[in-house]
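# Survey of secondary and tertiary structure
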Amino acid sequence: MEKRGFIGKVKSRVTLTVSFLKALFQESRKRVSEERENINKINVFPVPDKDTGTNLLNTLSGIIKAIERKDYQSANHLISEMLEKKYLLKSGRGNVGIIISAWLVGFFQELGDNISLDADLLSRAMKRGESQAYRAIAEPKEGTILDVITASAGSMDSLSREQQDLIYLMTKTLEQARQALVATTQKMDVLKKNKVVDAGALGFVLVLESFLKVLLEAEKSEKEEDNEQT
């Protein structure tokens, strides 16, 4: 099997389970909770109301509360209920919550009934998420969360044409997302004046970081199971 250097064996797909999907939301909420005050502090666009971190935290908390109400038979069951009952959109709070909720809708719509996630599906899901995020905003602007969403979707689309390793893809995509985050400072006068990055964009980077962490934990868990069986 192809090697990934110090990171380990190539992980070309991950099984979509209820626990995996819930972990994505839970880890995202944890990271946003840790950075909430910092996100609030740098929130100067579209208005300096210092609540972007709080809104994103409440959005993720609302989604988690909705999906924790019952047990799901499968990941497909969880995804279909989230979309049919609009748990994602109903949980959106503030501009950042509306955009990320819309991104999640597109992402999960693309996952659909698939039982596993591979590079091609992940790329398509991120592109569909990007499309939905733009539809959520009447007047998209440069220097915002949309820049990071576009950069990450573009990176995943390009890299996945030649590379199938999910962890490699997410690692490199996260690098591009962070670069796009830093670049927001120079794209909007109010951000440049205050010497800050866009608060919502930072929130989305945290979500991507959480996704990578859950992928790494899934890989570690599978390795431990393999070792126990040998």
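You'll find the structure just up there.
A brief look at the structure comes next. (Residues numbered from 1 in each chain as written. Predicted model: local features only at pLDDT ≥ 70, side-chain atom pairs only at ≥ 80, totals over all residues. Heavy atoms only, no water.)

### A closer look at the pattern of salt bridges
Under the convention used in this document: In the sections that follow, a salt bridge refers to a side-chain nitrogen of Lys or Arg positioned within 4 Å of a carboxyl oxygen of Asp or Glu. A run of H or I in DSSP becomes a helix once it reaches four residues, and a run of E becomes a strand once it reaches two; helices and strands are each numbered from the N terminus. Note on classification: 1.4 Å probe, protein chains only; a residue is buried when its accessible area is under 20% of the maximum for its type, exposed when over 50%, partly exposed between these limits.
Considering all chains together, one arrives at 16 salt bridges under this definition. A salt bridge links Lys213 to Glu27, with the shortest nitrogen-to-oxygen separation between them at 3.4 Å. Here the residue Lys213 occupies a position in helix α10 (residues 199–229), and Glu27 occupies one in helix α1 (residues 18–41), the gap between them amounting to 186 residues. Here Lys213 falls in the partly exposed class, since its relative accessible area comes to 33%. The exposure class of Glu27 is buried, given its relative accessible area of 11%. One connected set of salt bridges, linked through shared partners, spans Arg31, Glu34, Arg178 and Glu209.

### Section: the packing of aromatic side chains
What describes a pair of aromatic rings is the distance from one ring centre to the other and the angle between the planes of the rings. Here is the rule: Centres within 6.5 Å are what make two rings of Phe, Tyr or Trp a pair, Trp counting through its six-membered ring; a difference in plane orientation under 30 degrees is then read as stacked, over 60 as edge-to-face, and the rest as tilted.
For the structure on display, the rule yields six aromatic pairs. On the basis of an interplanar angle of 90° and a centroid distance of 6.5 Å, the ring pair of Phe20 and Phe211 is categorised as edge-to-face. Of this pair, Phe20 sits in helix α1 while Phe211 sits in helix α10, and the two are 191 residues apart along the sequence. A residue is classified by how much of its surface remains accessible, and Phe20, at 6% relative accessible area, is buried. Aromatic pair Phe107 and Phe211: ring centres 6.1 Å apart, planes at 80°, arrangement edge-to-face. Taken together, the residues Phe107 in helix α5 (residues 94–111) and Phe211 in helix α10 connect sequence positions 104 residues apart.

### What about the environment of Ile64?
In plain terms, the rule: Residue contacts are counted whenever heavy atoms from the two residues lie within 4.5 Å of one another.
With respect to the helices and strands, Ile64 occurs in helix α2 (residues 52–67). A residue is classified by how much of its surface remains accessible, and Ile64, at 5% relative accessible area, is buried. Every residue in contact with Ile64, bar those within four places of it in the chain, is listed here: Phe25, Gln26 and Arg29.

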